[in-house]
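What follows is the residue order along each chain.
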Amino acid sequence: MSQPNIILYGAQRCHKNKYYQSYLDNLQLKHSFLDVEENEAFAEELRSLYNNRKLNFPTITIGNKRLRNPSDNDLMKWLKKQELV
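Conventions used here
- Residues numbered from 1 in each chain as written.
- Predicted model: local features only at pLDDT ≥ 70, side-chain atom pairs only at ≥ 80, totals over all residues.
- Heavy atoms only, no water.
- Helix = DSSP H or I, 4+ residues; strand = E, 2+ residues; numbered from the N terminus.
- Expected span 1.5 Å × (residues − 1).
- Buried < 20%, exposed > 50% of the residue type's maximum accessible area, 1.4 Å probe, protein only.
- Arc of directions from axis to C-beta.
- Contact = heavy atoms within 4.5 Å.

In this model, helix α1 (residues 15–26) (12 residues) spans 16 Å end to end at C-alpha, consistent with the 16 Å of a helix rising 1.5 Å per residue. Regarding α1, the residues found buried are Asn17, Tyr20, Gln21, Tyr23 and Leu24. Seen from one end, α1 has its buried residues packed into an arc of 160°, which puts them on one side. Projecting away from the buried face of α1 at angles above 90 degrees are the exposed residues His15 and Asn26. Against β1 (6–10), β2 (32–35), β3 (59–62) and α3 (72–81) lie the buried residues of α1. Of the residues trailing α1, glutamine 28 is marked for its positive phi of about 60°.

Dropping the structure here:
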């Protein structure tokens, strides 16, 4: 079974995005960071995840699960559910 795709949507300037990048790096989990301020296609991809079409970042997707600014506990719960940790 392959690892679900982990995507972090956000902005490089955002301290929360830096936190999540470090968090995932420390767990040695491969992930993609998509800067929604630098790339309009990434911004549109993030908007499409929400009915209000706002740039709600940071947002982490794990497979088809969407987590907006999750607590460490919530993020770890979903990583364990996907058997990634």
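On we go from here.
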